[in-house]
Amino acid sequence: MALMKCPACRKEIGDKAKVCINCGCPMDEVATSGIVRIKMPNNIVEGVVGLFSSRKALVYDTSGKALWEGKHGENASFTVDGATNIIINLGGWANNVEGTVEPRKKYSLVQDMGIHMLATFRITEVDVIDAD
Ligand SMILES: [Zn+2]
């Protein structure tokens, strides 16, 4: 029997289970695995530290597993099993961005005014993102 993660409580359960044995969540009503797309920011308002930015963008989950690697301005694309907490790293000059994403949804990063010359972002769901 293969194992999968319950999208509600994140504990491992058998992939044939109709209901999660840990939290009771019905498995046929929750979003299963699917692709998430996230537009990485470009033309960012940068502080002094931006001069040394590598322009690399990394997406990983809270266990540290890499989900996507690319550059600023690109569209990240990766598969998740249900709602997943992710962390986006945009280089040394920006704060890590944390948030929850769901399968088959699209997201963009909105920049807020940062402190100490750092850029801060949050993940926002959008209907459409730019083409790659
Ligand atoms: Zn559960």
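Bear in mind the structure is a predicted one, so any value in this text is a computation, not a measurement. (Residues numbered from 1 in each chain as written. Predicted model: local features only at pLDDT ≥ 70, side-chain atom pairs only at ≥ 80, totals over all residues. Heavy atoms only, no water.)

1. Some details on the pairing of strand 7 (residues 84-89)
A regular strand places its side chains so that they alternate between the two faces of the sheet.
Line of reasoning, step 1. Direction of pairing for strand 4 (residues 56-61) relative to strand 7: antiparallel, over a ladder of four bridges. Directly across from Val59, in strand 7, lies its bridge partner Ile88.
Line of reasoning, step 2. Two strands pair when backbone bridges link them, and strand 7 and strand 8 (residues 97-101) are joined in this way by five bridges, in the antiparallel orientation. In the sheet register, Ile87 faces strand 8, and the bridge partner there is Glu98. (Pairing = 2+ DSSP bridges. Helix = DSSP H or I, 4+ residues; strand = E, 2+ residues; numbered from the N terminus.)

2. Describing the environment of Val97
Line of reasoning, step 1. For Val97, the location among the structural elements is in strand 8.
Line of reasoning, step 2. Measuring from C-alpha to C-alpha, the distance between Val97 and Ile86 comes to 8.2 Å, with 11 residues separating the pair along the chain.
Line of reasoning, step 3. Once residues within four sequence positions are removed from consideration, Val97 is found in contact with Ile86, Ile87, Ile88, Leu90, Leu109, Phe121, Arg122 and Ile123. (Contact = heavy atoms within 4.5 Å.)

3. Focus on the coordination of the zinc ion
Line of reasoning, step 1. Binding of the zinc ion to the protein goes through Cys6 (SG), Cys9 (SG), Cys20 (SG) and Cys23 (SG), at separations of 2.3 Å.
Line of reasoning, step 2. Here the zinc ion is ringed by four donor atoms whose angles at the metal span 106 to 116 degrees, and the overall shape comes out tetrahedral.
Line of reasoning, step 3. Counting residues between consecutive donors of the zinc ion along the chain gives the motif C-x2-C-x10-C-x2-C. In this pair, Cys9 is assigned in the loop between strand 1 (3-5) and strand 2 (12-14) and Cys23 in the loop between strand 2 and strand 3 (33-39), connecting sequence segments 14 residues apart.
Line of reasoning, step 4. A relative accessible area of 25% means that Cys9 is categorised as partly exposed.
Line of reasoning, step 5. Overall, Cys23 belongs to the partly exposed group, its relative accessible area being 40%. (Donors = N, O, S within 2.8 Å, 3.2 Å for Na, K, Ca; no water. Tetrahedral: all angles 85-135°; square planar, octahedral: opposite > 155°, others 65-115°. Buried < 20%, exposed > 50% of the residue type's maximum accessible area, 1.4 Å probe, protein only.)

4. Concerning the sheet that holds strand 10 (residues 120-126)
Line of reasoning, step 1. In spatial order, the strands read 6-3-9-10; together these four strands make up an open sheet with mixed pairing. Here the strands that pair on one side only, and so sit at the sheet edges, are strand 6 (75-81) and strand 10. Neighbouring strand axes in the sheet, compared pairwise and without regard to direction, differ in orientation by 30 degrees on average.
Line of reasoning, step 2. Here strand 3 pairs with strand 6 via seven bridges, running antiparallel. Paired with Gly34 across the two strands is Val80, which belongs to strand 6. (Axes fitted to C-alpha atoms, helices over the stretch in contact; angles between N-to-C directions.)

5. Digging into the layout of surface pockets
Line of reasoning, step 1. Approximately 530 Å³ is the volume found for the largest pocket.
Line of reasoning, step 2. At the level of elements, strand 1, strand 6 and strand 7 are the ones that each hand at least two residues to the lining of the largest pocket.
Line of reasoning, step 3. Here the lining of the largest pocket is composed, by residue class, of 10 nonpolar, nine polar and six charged.
Line of reasoning, step 4. Two domains each provide a minimum of three residues to the lining of the largest pocket, namely domain 1 (1-30) and domain 2 (31-126). (1 Å grid on protein atoms, 1.4 Å probe; cavity = no way out; pocket = protein on both sides within 12 Å on 5 of 7 lines; lining within 4 Å. Points joined across faces, edges and corners; volume = space filled by probe spheres on them. Nonpolar A, V, L, I, M, F, W, Y, C, P; charged D, E, K, R; others polar. Domains from an automatic or database assignment.)

6. Thoughts on unusual backbone geometry
Of all residues except glycine, most have a negative phi; of all peptide bonds, most are trans.
Line of reasoning, step 1. Even without glycine at this site, Arg10 takes up a positive phi of about 70 degrees.
Line of reasoning, step 2. By the secondary structure assignment, Arg10 is in the loop between strand 1 and strand 2.
Line of reasoning, step 3. Residue Arg10 is classed as partly exposed on the basis of its relative accessible area, which comes to 32%.
Line of reasoning, step 4. Residue Arg104 is not a glycine yet carries a positive backbone phi of 65 degrees.
Line of reasoning, step 5. Secondary-structure assignment places Arg104 in the loop between strand 8 and strand 9 (106-112).
Line of reasoning, step 6. Judged by relative accessible area, Arg104 falls into the exposed class, the value being 58%.

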